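For reference, the chains in residue letters:
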Amino acid sequence: GAVVSQHPSRVICKSGTSVKIECRSLDFQATTMFWYRQFPKQSLMLMATSNEGSKATYEQGVEKDKFLINHASLTLSTLTVTSAHPEDSSFYICSAFSGAGDSNQPQHFGDGTRLSIL
Amino acid sequence: QKEVEQDPGPLSVPEGAIVSLNCTYSNSAFQYFMWYRQYSRKGPELLMYTYSSGNKEDGRFTAQVDKSSKYISLFIRDSQPSDSATYLCAMSVLGNTPLVFGKGTRLSVIA
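Everything numeric here is computed off the predicted structure, so don't read it as measured data.

### Quick word on the environment of B:Phe75
Residue and element names in this part refer to chain B. Within the secondary structure, Phe75 is located in strand E8 (residues 71-76). The partly exposed category is assigned to Phe75, whose relative accessible area is 23%. Counting along the chain gives 12 residues from Phe75 to Ala63, while the straight-line C-alpha distance between them is 6.4 Å.

### Quick look at the pairing of E8(B)
Residues and elements named next belong to chain B. Relative to E8, strand E3 (residues 19-25) runs antiparallel, the two being bridged by six bridges. In the sheet register, Leu21 faces E8, and the bridge partner there is Leu74. With six bridges connecting them, strand E7 (residues 61-66) and E8 associate as antiparallel partners. What sits directly across from Gln64, in E8, is Ser73.

### Quick look at the interface of chain A and chain B
Listed per partner, the contact involves 25 residues of chain A and 20 residues of chain B. Counting each side, the surface lost to burial between chain A and chain B is near 1,800 Å², with a carbon and sulfur contribution of 55%. Summed over the shared surface of chain A and chain B, the result is one salt bridge. Salt-bridge contacts for A:Asp111 lead to B:Lys42; the nearest nitrogen and oxygen are separated by 3.3 Å. Across the contact surface, chain A and chain B share seven residue pairs in polar contact (both at pLDDT 80 or more). Among the elements of the structure, strand E4 (32-38), strand E5 (44-51), strand E9 (90-97) and strand E10 (108-109) of chain A are those that each provide at least two residues to the side of chain A that touches chain B. Tallying contributions element by element places E4(A) first for the side of chain A that touches chain B, with four residues. Split by residue class, the side of chain A that touches chain B holds 10 nonpolar, 12 polar and three charged.

### Description of the sheet that holds strand E3 (residues 19-25) of chain A
Residues and elements named next belong to chain A. Across the sheet, which stays open at both edges, the four strands sit in the order E1-E3-E8-E7 with antiparallel pairing between neighbours. Only two strands of the sheet have a single neighbouring strand rather than two, namely strand E1 (4-7) and strand E7 (67-73). Ignoring which end each strand starts from, the neighbouring axes of this sheet average 15° apart.

### Observations concerning the state of the cysteines
The full count for this structure, using the stated rule, is two disulfides over all chains. Covalently, A:Cys23 is tied to A:Cys94 through a disulfide, its sulfur atoms 2.0 Å apart. Where A:Cys23 bonds to A:Cys94 through sulfur, the torsion about that S-S bond is close to 80°, and the disulfide is right-handed. Pair noted here: A:Cys23 is in strand E3 and A:Cys94 is in strand E9, with a separation of 71 residues, a long-range link. Among the residues examined, A:Cys23 registers a relative accessible area of 0% and is labelled buried. A:Cys94 gets classed as buried once you look at its relative accessible area, which sits at 0%. A sulfur-sulfur distance of 2.0 Å marks the disulfide that ties B:Cys23 to B:Cys89. Between B:Cys23 and B:Cys89, the S-S torsion sits near -105°, and that sign places the bridge as left-handed. Within this pair, whereas B:Cys23 is found in strand E3, its partner B:Cys89 is found in strand E9 (residues 85-92), the two being separated by 66 residues in sequence.

### Section: unusual backbone geometry
Peptide bonds are mostly trans, and most non-glycine residues show a negative phi. Residue A:Pro8 is bonded to the preceding A:His7 through a cis peptide linkage, with omega at 0°. Its place among the elements puts A:Pro8 in the loop between E1 and strand E2 (10-13). For the peptide bond that leads from B:Gly9 to B:Pro10, omega is 10°, which places it in the cis range. The residue B:Pro10 is located in the loop between strand E1 (4-6) and strand E2 (11-14) in this model. We note that B:Asp78 has phi near 45°; this positive angle belongs to a residue other than glycine. Here B:Asp78 is to be found in the loop between E8 and E9.

Rules of the game
Residue positions are counted from 1 within each chain, in the order its sequence is given. Whichever chain is written first becomes A and whichever ligand is written first becomes 1, with later ones labelled in order. This being a predicted model, a pLDDT of at least 70 is required before a residue's local features are given, and a value of 80 or more before pairs of side-chain atoms are given or counted; all residues contribute to the totals for chains, interfaces and linings. Water and hydrogen atoms were dropped before computing side-chain values, which therefore reflect all heavy atoms in the structure. To qualify as a helix, a DSSP run of H or I must reach at least 4 residues; to qualify as a strand, a run of E must reach at least 2; elements of each kind are numbered from the N terminus. Residue burial is assigned from relative accessible area. The probe radius is 1.4 Å, only protein chains are included, and a residue is buried under 20% of its type maximum, exposed over 50%, and partly exposed in between. Only strands joined by at least two bridges in the DSSP assignment are considered to pair. Residues count as neighbours in contact if any of their non-hydrogen atoms are within 4.5 Å of one another. Note: buried area is the sum, over both parts, of the accessible area (probe 1.4 Å) each one loses when the two are combined. The term salt bridge refers to a pairing of a side-chain nitrogen on Lys or Arg with a carboxyl oxygen on Asp or Glu at a separation within 4 Å. Counting of polar contacts relies on pairs of N or O atoms within 3.5 Å, with two restrictions inside protein: one atom must be capable of donating a hydrogen and the other of accepting it, and residues adjacent in sequence are counted only when both atoms are side-chain atoms. Residue type decides the class: Asp, Glu, Lys and Arg count as charged, Ala, Val, Leu, Ile, Met, Phe, Trp, Tyr, Cys and Pro as nonpolar, and the leftover types, Gly among them, as polar. Angles shown run from 0 to 180 degrees and are taken between the N-to-C directions of axes, each axis being a line fitted to C-alpha atoms and, for helices, limited to the stretch in contact. Counting rule for disulfides: a pair of cysteine sulfur atoms within 2.5 Å.

Pasting the structure below:
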């Protein structure tokens, strides 16, 4: 089945560091990728929608200069948390979708990246 | 009113029991309905995927969608301790639009 790989799975770093997270679709071309954030015992909250070759669309309250998203190819999207601070510590998860808007295909998720800022 | 409501539990059942999980929603434009299973510190794993109303069965899992009532369900038969996880319902208007998740229900199946 469709596989989405997310790397790294775990990051621990000092405050002020920038962290890049990669999301790759391994056996399909992802026209759209989504980035979510999940706090402990909470559900997934959408951060941004990323379409290949265009600027990401950010949800209200998500700082686009803080969370830089690049979707340079149909198999790779990256999320960079710039100048990370302890409040950015969270579980970041990407999902990828392969079809057109009305395509009867589900979204598939990566295994997430646990980010801890000291 | 939240777009998707899901009882967070926790829900504890004995091994072999039938588990019923459900979500209600308010947006009648939702067409795609999914159930994901999430183990601790892992990403969501797709269990069931349904387009529009109807039932879908896959092994021990059955998903039901009732669009007229804005209500979806997941049934797990012969539950196993390995089914212990958080179950998230999710839905979207189109396939390439963001998913709206329920809060997730924590399930424990006791051997």
